[in-house]
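Notes for the structure review
What follows is each chain in one-letter form.
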Amino acid sequence: MIERLVLGPLQTNCYILYKNNSAIVVDPADEGDYIAQYLADRELELYAIFATHGHHDHIAGATALSLITNTPLYIAKEDVPLLNRLQQTHKHFTGLNPGPNPKDIVLIDRKEFVFPDLKIEVVSLPGHTPGGVGIIFEDNLFSGDILFADGRAGETSHSYSSPIKMAESIHFVKDFKGRVYPGHGDYFLLP
Ligand SMILES: [Zn+2]
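All values reported here derive from a predicted model rather than from experimental measurement. (Residues numbered from 1 in each chain as written. Predicted model: local features only at pLDDT ≥ 70, side-chain atom pairs only at ≥ 80, totals over all residues.)

1. Details of the nonpolar core
- A23, I24 and V25 are the most contacted members of the largest nonpolar core, which totals 45 residues.
- Of all the elements, strand β2 (residues 12–19) adds the most residues to this core, at 5 residues.
- The contacts of V25, once residues within four sequence positions are left out, are C14, I16, I35, L46, I49 and L65. (Core = buried A, V, L, I, M, F, W, Y, C linked by C-beta atoms within 7 Å. Buried ≥ 20, exposed ≤ 12 C-beta atoms within 10 Å, placed from the backbone. Helix = DSSP H or I, 4+ residues; strand = E, 2+ residues; numbered from the N terminus. Contact = placed C-beta atoms within 7 Å.)

Take a look at the structure:
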């Protein structure tokens, strides 16, 4: 099952993937305490918090959610420099303080992750950021800021972005056979 919560000033999609009582969160956006309460109300046990990439609007809630639920944040090592600037960037863009970095961080170092009742595959989707990843759960791809429902692609104007890698990542998303759940806006299904 998939739940979407739209959170924070930038209307970021936070996804809760679950089966039976096992859950993982993809992009805690902000309002980590709200997500923790949402999970608790539904008696869902959280096993992992995944970051599709290190942008502040996608991971500002990681600290609170990680602390409350005692669950690690999984992020690609190439985006750790962005995580390390999280407090600064989130304050700059939203005026809010996300707190210090989560203490419990797992670097994404393989393709397959198995949690009780849940199996996911992680694919590398760099370009928008160096350590962008997509999370595949059943026939669904959670793709972060690569491609949106209106056909727009994510920004590649940052110094650390790569338009060449982005083109490959966009290809991957367009070729995906199933639903694509982006970091902002509605899901879409490509022919
Ligand atoms: Zn982004």
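Structure shown, so let's carry the discussion forward.
2. Some words on helix α6 (residues 163–175)
- In this model, α6 (13 residues) spans 18 Å end to end at C-alpha, consistent with the 18 Å of a helix rising 1.5 Å per residue.
- On its buried face, α6 sits against β10 (140–144) and β11 (179–182). (Expected span 1.5 Å × (residues − 1).)

3. Looking at helix α1 (residues 32–41)
- When we look at burial in α1, the residues that qualify are G32, I35, A36 and L39. The arc enclosing the buried residues of α1, seen along the axis, measures out at 100°, which places them on a common side. For α1, the exposed residues set more than 90 degrees away from the buried face come down to Q37 and D41.
- Elements in contact with the buried residues of α1: β1 (2–7), β2, β3 (22–26), β4 (45–50) and α3 (62–69).
- Looking one or two places after α1, you find E43, whose phi comes out positive at around 55°. (Arc of directions from axis to C-beta.)

4. Remarks on the environment of H53
- Positionally, H53 belongs in the loop between β4 and α2 (56–59).
- For H53, a count of 29 C-beta atoms within 10 Å puts it in the buried group.
- Look past the residues within four positions of H53 in its chain and what remains in contact with it is H58, D79, H128, T129, G131, G132, G144 and D145.

5. Side note on the sheet that holds β3
- On the basis of which strands lie adjacent, the open sheet formed by 6 strands has the order β1-β2-β3-β4-β5-β6 and mixed pairing. Each end of this open sheet is capped by a strand with a single partner; those strands are β1 and β6 (105–107). The mean angle between the axes of side-by-side strands here comes to 25°, regardless of whether they run parallel or antiparallel.
- Relative to β2, β1 is paired through 6 bridges, and the arrangement is antiparallel. Residue L5 lies in a different strand from β2, and its bridge partner there is C14.
- α3 contacts β3, β4 and β5 (73–75) of the sheet and is inclined by roughly 150° relative to β4. (Pairing = 2+ DSSP bridges. Axes fitted to C-alpha atoms, helices over the stretch in contact; angles between N-to-C directions.)

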